[in-house]
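Notes for the structure review
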Amino acid sequence: MVSFNYDSELPWFVLHTKPKQEHIAAAYLRTFHHVPVFAPRIQFRRIQRNGTLWVTEALFPSYIFAQFDPVQDLLRVRSSNGVTNVVGFGGKPSTLSPYEIEQLRESLGPDEVKVINPELRVGDEVAISYGPMSNLRAVVTALLPARDRVKVLFDFLGRETELEVAPEKLIPRQMHPLAEPPAVKQAE
């Protein structure tokens, strides 16, 4: 990532990008226009046909943030590779304060990437991500750290069957990667 000294006096703008081209627009603005850009991303595991794959996606699909002088740079930024428009209302670009961007930046760290790697717990619903049991839903029944395995229980041909699986072959029940797990109610 290219590091810039941000100007605390200049506002930040939200830029709308072409689909799946947030990284292209950010790199172009940084490299050719020397514009400070914030393009936050998330990284998480996704089930594929042949197992699991680590995926990196934009935290805000089709949007990035850039800091520039609107009088001098608006047209140049708006016409940059990958950028479709500057988000605004009533014909005037909307701005964010440097404080708002800094809050987002602090939550993601210096690489602008939030890695989502949920820990498995007994009772979690999971999907098996490999072999003939691929995409089969199961429930974690035991964690076996000494063998680096997890026991799961699933329904197979009308029978409950238990299987030991490597944890990297399991994907927690699909929900948005930034979603908080539901709170566990405690017995009173």
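What you see is a predicted model; the values in this text were computed from it and never measured. All residue numbers here refer to positions counted from 1 along the written sequence of the relevant chain. Totals for whole chains, interfaces and linings use all residues, but because this is a predicted model, local features are given only for residues with pLDDT of at least 70 and pairs of side-chain atoms are given and counted only at 80 or more. Calculated side-chain values reflect all of the structure's heavy atoms, with hydrogen atoms and water omitted.

**Considerations on the overall build of the protein chain**
Just so we agree on the cut-off: Numbering of helices and strands starts at the N terminus; helices are DSSP runs of H or I of at least 4 residues and strands are runs of E of at least 2. We call a residue buried when its accessible area falls under 20% of the maximum for its residue type, exposed when it is over 50%, and partly exposed in between, using a 1.4 Å probe and counting protein chains only. In this analysis, two residues are considered to be in contact whenever any of their non-hydrogen atoms come within 4.5 Å of each other. To measure how exposed things are, a 1.4 Å probe is used in the Shrake-Rupley method; for residues, cover is taken only from the protein chains shown.
Of regular secondary structure, the protein chain possesses 3 helices and 15 strands. Relative to its full complement of 188 residues, the protein chain shows a buried share of 33%. Within the protein chain, contacts between residues at least 6 apart in sequence are counted, and of these 62% link residues at least 24 apart. For the protein chain, the computed accessible surface area is about 12,100 Å², with 53% contributed by carbon and sulfur atoms.

**Section: unusual backbone geometry**
For residues that are not glycine, phi is negative in most cases, and the peptide bond is trans in most cases. Positive phi, close to 70°, is recorded for Ser62, a residue that is not glycine. Here Ser62 is to be found in the loop between strand S4 (51–58) and strand S5 (63–67). Look at Glu112: it is not a glycine, yet its phi comes out positive at around 60°. Of note, Glu112 is situated in the loop between helix H3 (98–108) and strand S10 (113–115). Its relative accessible area of 2% is what places Glu112 among the buried residues.

**Focus: the side chain of Ser80**
Cut-off, in case you're wondering: Polar contact is defined as a pair of N or O atoms within 3.5 Å, subject to the rule that within protein one atom must be able to donate a hydrogen and the other to accept it, and that residues adjacent in sequence are counted only when both atoms are side-chain atoms.
Its place among the elements puts Ser80 in the loop between helix H2 (70–78) and strand S6 (83–86). One polar contact links the side chain of Ser80 to the main-chain carbonyl oxygen of Arg76, over a distance of 2.9 Å.

**With respect to the pattern of salt bridges**
Formally: By salt bridge we mean one thing: a side-chain nitrogen of Lys or Arg within 4 Å of a carboxyl oxygen of Asp or Glu.
Tallied over the full model, the rule gives 4 salt bridges. Linking Glu112 and Arg30 is a salt bridge whose minimum nitrogen-to-oxygen distance equals 3.4 Å. Here the residue Glu112 occupies a position in the loop between H3 and S10, and Arg30 occupies one in helix H1 (residues 22–32), the gap between them amounting to 82 residues. With its nearest N and O atoms 2.4 Å apart, the salt bridge here joins Asp73 to Arg76. Of this pair, Asp73 and Arg76 are both found in helix H2, 3 residues apart, which corresponds to roughly one turn of the helix.

**Here's the deal with H3**
Let me state the cut-off plainly: The directions considered for the arc are those from the helix axis to the C-beta atoms.
Buried residues of H3: Ile101, Arg105 and Leu108, and no others. The buried residues of H3 occupy an angular sector of 60° when the element is viewed end-on, so they sit on one face. Structural note: H3 exposes Tyr99 and Glu106 on the side pointing more than 90 degrees away from its buried face. The positive-phi residue at the C-terminal boundary of H3 is Gly109, with phi of around 95°.

**A short note on the packing of aromatic side chains**
What counts is decided by this rule: Stacked, edge-to-face and tilted labels apply to pairs of Phe, Tyr and Trp rings (six-membered ring for Trp) whose centres lie within 6.5 Å, assigned for plane angles under 30 degrees, over 60, and everything in between, in that order.
Taken as a whole and assessed by the stated rule, the structure comprises 5 aromatic pairs. Measuring from centroid to centroid gives 5.9 Å for Phe38 and Phe65, while their planes differ by 25°, and the two rings are stacked. Of this pair, Phe38 sits in strand S2 (residues 37–38) while Phe65 sits in strand S5, and the two are 27 residues apart along the sequence. Residues Phe60 and Phe65 carry aromatic rings whose centres are separated by 5.8 Å and whose planes lie at 90° to one another, so their mutual orientation is edge-to-face. Residue Phe65 is classed as buried on the basis of its relative accessible area, which comes to 6%. Taken together, the ring pairs in this structure connect Phe38, Phe60 and Phe65 into an aromatic cluster.

**Description of the confidence of the model for the protein chain**
Condition: As a per-residue quantity, pLDDT reports the predictor's confidence and falls between 0 and 100.
On average, residues of the protein chain score 84 in pLDDT, and 84% of them are at 70 or above. Overall, residues 182–188 carries pLDDT values under 50, and its contacts beyond four positions in sequence, including any with other chains, amount to 0 contacts.

**Section: the pairing of strand S11 (residues 125–128)**
Applicable threshold: A pair of strands is labelled paired if DSSP reports no fewer than 2 bridges between them.
As paired strands, S11 and strand S12 (residues 137–144) are joined by 3 bridges and run antiparallel to one another. Counterpart to Glu125 in the pairing with S12 is Val139. Sheet topology places S11 next to strand S15 (residues 170–172); 3 bridges connect them, and they run antiparallel. If you follow Ala127 over to S15, its bridge partner there is Ile171.

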